[in-house]
Amino acid sequence: MTSTTATPSTTPAVGGVQTVRRVITYLLLATTVIIAASGLSGLLERLLTVNRVEVSFDNYGLATSLASALIAGPLAGLLWWLTWRDSAMARDRASVIWPVYLMLMSTVALLVFTISILSWAADAITSGWDPYGLAVGIVWALVWLWHDWMWRHPRKGPTRLPGAAPAIASLIGLTYGAGGLVFAVGRLVDSAVETVTGAVLVSDPVLQLVLQSLVWAVGGALLWWWHWFRVGTRTQSTGFANVLLVFIAGIASYAVFALGLMLTLWVILKLVTGMPEPIAVTLDPLGIGLSSAAVGALVLVYHASIVAGQPVGVRAATRLPSGGVSLAFAASGVGVTVNALLATSSNSIIEGNIRSLLLGGLSALLVGGVLWWLTWRPLEASIPERVATPGRRIYLVVIFGVSALVALITLLVIGFQLFSFLLDGGSGESFIERSRQALGLLTATVLVAAYHFAIWRNDRTSDVAEEQVRRIARVTLVASGDSAEIVDAVRAATGARVTVLQRADAVQREPDVAAIVAALDGVEAAHVLVVAGVKGKIAVIPLEG
Amino acid sequence: MARRVHDVLMTQEAARPDRTLIAILSIIAAIVVIAFVVVFTRGGPADVDPATPEGVVQSYSRAMVASDYETARGFLSSDVLANCDRAEPNTIQGLRMTVISSKVNGDTAVVRVSMERGSGEFGGSGYTSEEAFTMVREGGLWKVISTPWELALCYNQGIGE
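The rules behind each value
- In every chain, residue numbers begin from 1 and rise along the written sequence.
- By the order in which they are written, chains take letters starting at A while ligands take numbers starting at 1.
- Residue-level local features of this predicted model are given only where pLDDT is at least 70; pairs of side-chain atoms are given and counted only at 80 or more, and the full residue set underlies all totals for whole chains, interfaces and linings.
- By definition, any uninterrupted DSSP run of H or I lasting at least four residues is a helix, any uninterrupted run of E lasting at least two residues is a strand, and each is numbered from the N terminus.
- Any residue whose C-beta has 12 or fewer other C-beta atoms within 10 Å is treated as exposed, any with 20 or more as buried, and any in between as partly exposed, C-beta atoms being built from the backbone.
- Throughout, a residue-residue contact means that the two C-beta atoms, derived from backbone geometry, are no farther apart than 7 Å.
- To form a nonpolar core, buried Ala, Val, Leu, Ile, Met, Phe, Trp, Tyr and Cys residues must be joined through C-beta atoms within 7 Å.
- Interaxial angle, 0 to 180 degrees, is taken between N-to-C directions of lines fitted to C-alpha atoms, where a helix line uses only the stretch in contact.
- When an angle is under 35 degrees it counts as roughly parallel; over 145 it counts as roughly antiparallel; between 65 and 115 it counts as roughly perpendicular; any other value is oblique.
- Two helices cross in a left-handed way if the nearer one is turned anticlockwise from the farther one by less than a right angle. They cross in a right-handed way if the turn is clockwise.
- When residues are grouped by polarity, Ala, Val, Leu, Ile, Met, Phe, Trp, Tyr, Cys and Pro land in nonpolar, Asp, Glu, Lys and Arg in charged, and all others, Gly among them, in polar.
- We call two strands paired when DSSP finds no fewer than two bridges between them.
- Domains are outlined according to an automatic or database domain assignment.
- By this rule the span expected of a helix is its residue count minus one, scaled by 1.5 Å.
- Fitting axes to the seven residues ending at a residue and to the seven starting there, one defines the bend at that residue as the angle between these axes.
- Consider the strands pointing away from the viewer: the crossover is right-handed when the path from the first strand over the helix to the second runs clockwise.
- For every residue, the predictor assigns a confidence score, pLDDT, that lies between 0 and 100.

## Points about the overall build of chain B
The number of helices and strands found in chain B is four helices and four strands. In chain B, the succession of helices and strands from N to C terminus is α-α-α-α-β-β-β-β. Within the span of chain B, comprising 161 residues, buried residues form 30% of the whole. A separation threshold of at least 6 residues defines the contact pool for chain B, and within that pool the share at least 24 residues apart is 48%.

Here it is as structure tokens:
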């Protein structure tokens, strides 16, 4: 499924009163489908449990299910028929509300269906086969299949937001898969640790707990595999797929990996310094730490290999948030370290566990600092190629924004504590004691902002040109044959959204990629029509709007 | 010539973030070293004079945290002990207690403390609240009448303030 070439012409749908009608229709459709599905699953649940002994028959519940299914069901059918008719779809297909409805509804259906089926399967391991819990899963699986079929319908499926619903589904699958694996591996490590420390008195069998997590891992992996490979989210280069890739490779898997490393390092530091606490307490985060680090690394490495094959914009957009995530870890580490330092200044009569706090801060600082050093590479932060990285200014502005927000909140907390201390007339210690967390975070924020301000000032004075300016917003390309290469090149050169109109006739000696990119050089328009003609001729026509 | 001047300017400008970076890294290193040394070289909290109300609060709370209920009983007032309805023991981990104020009114005293629980993780998950101990002087010694509920040995002393 190469989305760009498959995208049909996107004539915007008629707006005005039609937009209001669409919003209301799809809202009603969504509501009736949800009510009908809940009614049907209630009825199916009763059907699956007919041979159970009923102590009291729940008439209210049955009445609710019957009303939901028999009233909302036909209404949903009617509404669906009204929207799905050829004449209605001809008007609504290009509207953005149609894919938004399908995306929301299929995501909700997928979540309900997978969560109920997977938790039913995980429970079946302990409590045995019991069809009672299956009803919700079956009904919502059908709702999901129905919406998935509409999404992929060749004549009536939406023309906007290509690939959005499968991309979300693949993310859900990946989350279940990685989460299940983290818990399964973590449980195994924990049980290995527990056999050494011998601290557990009562527990379910380890194998059973691991199997329950593995049910989620396998279910999630199947869901992910289907959408990622079979439906083809992996090969898509739509905006939605790119955002998804940046989120997974640049933020989510990176954060899980860093968190795992940090927890593991924390345990190691506590073991090395000999905490005066029970060994079982010290080793408690080890399982989840090791498994998060391992699974995070697995997901990260796989997606990094995909990012490597993407255009430079996506690569930079992945690297910058990774730097941001590591920076957040390092900064909170500094904050916690300052917090622990301030905790020693007040004369507490019972001390708590300042060492453990300090070691937590140090491990966050070490892991975040090393990862930040590797992703941001501060020694060459101001070389011209780096200054010209797309998105660098956005990254700096985001850092300033987050710093300002954290500074505002911490200053408010410090101010509140200061005034309440002054008005309250407490002892001298209690002000620092009460506001040390905020003071720690404020210190870290000031350091972060100071460094990035220096970078910002340096960027301004360097003679590297402003970031590549987008001169063209949309390109409509008329070409024959496989034009994927041209699309990628035009997108890389101009940053524009590219739509392809396929010619019916085959063209002899179509112009090559470089010629088309060169022809677009210097053109400035919101929308440009490019016709790749016979014998290398290229027509570039700026359009209005 | 102009080109060389330009190059020199560029080098200076490029050096600026490096200087900032070095300054910030030194600040962080200083914080880390000082925090490490201070946290790991100091002993536990200083012992407060057990003849003062704060001293009694410290000794009593330490005994409760260590689940040493016999010692803790020794700090309760005779009135509370006579009517003691034993509370379920709490396991208290990572408790941090700081005195906010201590007021003596003749034969009674109120010690206000700030209590932070579960501060073992990363500083954000701790839960802090202000609590109070009330005391009475019995035979020249301060004895506990009421405590925060986590540290109560008897139900009838459990209500602090």
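Don't stop here, the text continues.
## Let's talk about the overall build of chain A
Tallying secondary structure elements over chain A gives 18 helices and five strands in all. The principal-axis extent of the C-alpha atoms belonging to chain A is close to 85 × 80 × 50 Å. Going through the 545 residues of chain A one by one, you find that 40% of them count as buried. Within chain A, contacts between residues at least 6 apart in sequence are counted, and of these 80% link residues at least 24 apart.

## Some points on the nonpolar core
In globular proteins that are soluble, nonpolar side chains generally tend to be buried together. Ranked by internal contacts, the top residues of the largest apolar core, which has 116 residues, are Leu102(A), Ala109(A), Trp140(A), Ala258(A), Met262(A), Val334(A) and Ala340(A). The element best represented in this core is helix 9 (residues 239-273) of chain A, accounting for 16 residues. Among residues more than four places away in sequence, those in contact with Ala340(A) are Ile354(A), Leu357(A), Leu358(A), Gly361(A), Ala35(B) and Val39(B).

## Some thoughts on the packing of helix 12 (residues 312-343) of chain A against helix 13 (residues 354-376) of chain A
All names here are of chain A. One way to put it is that helix 12 packs onto helix 13 with a least axis distance of 7 Å and a crossing angle of 155°. It follows that helix 12 is roughly antiparallel to helix 13 by the angle criterion. For helix 12 against helix 13, the interelement crossing comes out left-handed. Classifying every residue of the contact of helix 12 with helix 13 gives 17 nonpolar, 12 polar and one charged.

## Some points on the interface of chain B and chain A
With 44 residues of chain B in contact, the opposing surface of chain A contributes 42 residues. Listed by contribution, the elements that provide at least two residues to the side of chain B that touches chain A are helix 1 (2-41), helix 2 (53-65), strand 1 (96-105) and strand 2 (108-117) of chain B. Here the side of chain B that touches chain A takes 17 residues from helix 1 of chain B, the largest share from any one element. For the side of chain B that touches chain A, the per-class residue count stands at 24 nonpolar, 12 polar and eight charged. In terms of strand pairing, strand 1 (residues 348-351) of chain A meets strand 1 of chain B through three bridges, oriented antiparallel. When the sheet's bridge partners are listed, Ile350(A) is paired in strand 1 of chain B with Met97(B).

## Focus: the domain arrangement of chain A
When the domains of chain A are assigned, the result is domain 1 (1-160), domain 2 (163-331) and domain 3 (472-543). For domain 1 of chain A versus domain 3 of chain A, the separation of C-alpha centres amounts to 40 Å.

## A few points about helix 3 (residues 59-84) of chain A
Because an α-helix packs 3.6 residues into every turn, residues spaced three or four apart end up facing the same way. Residue and element names in this part refer to chain A. Spanning 26 residues, helix 3 covers 36 Å between terminal C-alpha atoms, matching the ideal 38 Å at 1.5 Å per step. Within helix 3, the axis deviates most sharply at Ala 72, by approximately 25°, and proline Pro 74 lies no more than four positions further along. Within the sequence span of helix 3, burial applies to Ser 65, Ser 68, Ala 69, Ala 72 and Ala 76. Buried-residue contacts for helix 3 involve helix 2 (17-48).

## Topic: the sheet that holds strand 5 (residues 538-543) of chain A
Residue and element names in this part refer to chain A. Ordered by their spatial adjacency, four strands build an open sheet running 3-2-4-5, and the pairing between neighbours is mixed. A single partner strand is all that each edge strand has here, and the edge strands are strand 3 (497-502) and strand 5. Strand after strand, the sheet turns through a mean of 20° between neighbouring axes, direction not considered. As paired elements, strand 2 (residues 472-479) and strand 3 share six bridges and run parallel to each other. For Val 478, the partnering residue across the bridge sits in strand 3 and is Leu 501.

## Here's the deal with the sheet that holds strand 3 (residues 127-138) of chain B
An order of 1(A)-1(B)-2(B)-3(B)-4(B) is seen for the five strands of this open sheet, with the pairing classed as antiparallel. Each of the sheet's edge strands pairs with one partner strand only, and the pair in question is strand 1 of chain A together with strand 4 (141-146) of chain B. Recorded for the sheet is a direction-independent mean angle of 30° between the axes of neighbouring strands. Here 10 bridges tie strand 2 of chain B to strand 3 of chain B, and the two strands are oriented antiparallel to one another.

## Thoughts on unusual backbone geometry
Residues other than glycine seldom take positive phi values, yet Arg377(A) does so here, at roughly 50°. By the element assignment, Arg377(A) lies in the loop between helix 13 and helix 14 (384-387). Note on Arg377(A): 13 C-beta atoms within 10 Å, which makes it partly exposed. Located in the positive-phi region is Ser67(B), a residue other than glycine, with phi close to 55°. Along the chain, the position of Ser67(B) falls in the loop between helix 2 and helix 3 (69-73). With 11 C-beta atoms packed within 10 Å, Ser67(B) lands in the exposed category.

## Quick word on the environment of Gly140(B)
Structurally, Gly140(B) is set in the loop between strand 3 and strand 4. Residue class for Gly140(B) comes out exposed when judged on the 6 C-beta atoms lying within 10 Å of it.

## Brief notes about the pairing of strand 5 of chain A
Both faces of the sheet carry side chains from a regular strand, because those side chains alternate between them. Residues and elements named next belong to chain A. The element strand 5 is largely exposed, with a buried count of zero among its six residues. Across six bridges, the pairing between strand 4 (residues 525-532) and strand 5 is antiparallel. Opposite Val 531, over in strand 5, you have Ala 539 as the bridge partner. Where strand 4 folds back onto strand 5 in an antiparallel hairpin, the turn is made up of five residues, including Lys 535, whose phi is positive at roughly 55°.

## With respect to the pairing of strand 2 of chain A
Residues and elements named next belong to chain A. Of the strand pairs in this sheet, strand 2 and strand 4 are connected by six bridges, and their pairing is parallel. Following the sheet pairing, Ile 472 is matched in strand 4 by Ala 525. Taken together, strand 2, helix 17 (residues 484-494) and strand 3 constitute a β-α-β crossover, and its handedness is right-handed.

## Re the packing of helix 9 of chain A against helix 12 of chain A
All names here are of chain A. Between helix 9 and helix 12, the shortest axis-to-axis distance is 9 Å and the interhelical angle comes to 30°. The orientation of helix 9 relative to helix 12 falls into the category roughly parallel. Where helix 9 crosses over helix 12, the two elements pack in a sense that is right-handed. The segment helix 9 lies against helix 12, with Asn 242, Leu 245, Val 246, Ala 249, Gly 250, Ile 251, Tyr 254, Ala 255, Ala 258 and Met 262 engaging Val 314, Ala 317, Thr 318, Pro 321, Ser 322, Val 325, Ser 326 and Phe 329.

## Concerning the confidence of the model for chain B
The predicted coordinates should not be examined in detail at positions where pLDDT is low. Looking at chain B, the pLDDT average stands at 78 and 80% of residues meet or exceed 70. Both scores are given for the predicted complex: the pTM is 0.79, the ipTM 0.73.

## Description of the environment of Asp86(A)
Residue and element names in this part refer to chain A. Tracing the backbone through its elements, the reader meets Asp 86 in helix 4 (residues 86-92). Asp 86 sits in the exposed class, given 8 other C-beta atoms within 10 Å. The sequence separation of Asp 86 and Arg 155 amounts to 69 residues, and the corresponding C-alpha distance is 9.3 Å.

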